[in-house]
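Listed below are the residues making up each chain.
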Amino acid sequence: LEESLGTVQTTKDAYSRAIEQRVATPLHILNFATFLTEHKYFEESFSAYERGIELFEYPGVKVIWKAYLDAFLKRYAGTKVERA
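Residues numbered from 1 in each chain as written. Predicted model: local features only at pLDDT ≥ 70, side-chain atom pairs only at ≥ 80, totals over all residues. Heavy atoms only, no water.

A. Layout of the overall build of the protein. Counting its secondary structure elements, the protein contains five helices and zero strands. Among the 84 residues that make up the protein, the fraction classed as buried is 32%. Intrachain contacts of the protein at a sequence separation of at least 6 include 45% that bridge at least 24 residues. A total accessible area of about 5700 Å² is found for the protein, and carbon and sulfur atoms account for 56% of it. (Helix = DSSP H or I, 4+ residues; strand = E, 2+ residues; numbered from the N terminus. Buried < 20%, exposed > 50% of the residue type's maximum accessible area, 1.4 Å probe, protein only. Contact = heavy atoms within 4.5 Å. Areas by Shrake-Rupley, 256 points an atom, 1.4 Å probe, with all protein chains shown as cover.)

Printed below as a string of structure tokens:
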């Protein structure tokens, strides 16, 4: 609902609160990262993936890792090999 009716900042705040309170699911993490990417907040989207990776264990973290690596490779296409 916040994504549809709120601002970018209020949406970011809502997702961040859900993560901090540990009520977010892996799907919330993926949606948050996608939202940030769509609004050109690339580094923040990678941070969202990283927060999700810290929050969940296998098997939930597997889908986050895959999306994170796919997004990173798509964004940087081998230009930041030292970070990968």
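B. The environment of Val63, seen in detail. In this structure, Val63 sits in helix 5 (residues 60-76). Given the relative accessible area of 43%, Val63 is considered partly exposed. Separated by 36 residues in the primary sequence, Val63 and Leu27 have C-alpha atoms spaced 8.9 Å apart. Sequence-distant contacts of Val63, defined by excluding residues within four places in its chain, comprise Pro26 and Leu30.

C. Local environment of the environment of Arg75. In this fold, Arg75 is placed in helix 5. The partly exposed category is assigned to Arg75, whose relative accessible area is 42%. Residues Arg75 and Thr37, 38 residues apart in the sequence, show an inter-C-alpha distance of 9.8 Å. Excluding its chain neighbours within four sequence positions, the residues that come into contact with Arg75 are Phe42 and Phe46.

D. A look at the nonpolar core. Ranked by size, the top nonpolar core spans 22 residues in total, and within it Ile19, Ile29, Phe32, Phe46, Tyr49, Phe56 and Ile64 carry the most contacts. At the level of elements, helix 2 (8-20), helix 3 (26-38), helix 4 (42-55) and helix 5 are the ones that each hand at least two residues to this core. Apart from residues lying up to four places away in sequence, Phe32 is in contact with Lys12, Tyr15, Ser16, Ile19 and Ala48. (Core = buried A, V, L, I, M, F, W, Y, C linked by side-chain atoms within 4.5 Å.)

E. Representation of the packing of aromatic side chains in the model. Under the criterion given, the structure shown has seven aromatic pairs. Taking 6.0 Å as the distance between ring centres and 55° as the angle between the ring planes, the aromatic pair formed by Phe46 and Tyr68 counts as tilted. You can see Phe46 sitting in helix 4 and its partner Tyr68 sitting in helix 5, a full 22 residues away along the chain. Accessibility assignment for this pair places Phe46 and Tyr68 in one class, buried. Pairwise contacts between aromatic rings join Phe46, Tyr49, Trp65, Tyr68, Phe72 and Tyr76 into one cluster. Over the aromatic face of Phe42 sits the side chain of Arg75, whose NZ or CZ is 3.7 Å from the ring centroid. (Phe/Tyr/Trp six-rings, centres within 6.5 Å; stacked < 30°, edge-to-face > 60°. Lys NZ or Arg CZ within 6 Å of the ring centre and 35° of its normal.)

F. Examining unusual backbone geometry more closely. Residue Pro59 is bonded to the preceding Tyr58 through a cis peptide linkage, with omega at 10°. As for its placement among the helices and strands, Pro59 is situated in the loop between helix 4 and helix 5.

In short, the description is geometric, and any link to function would need to be established separately.
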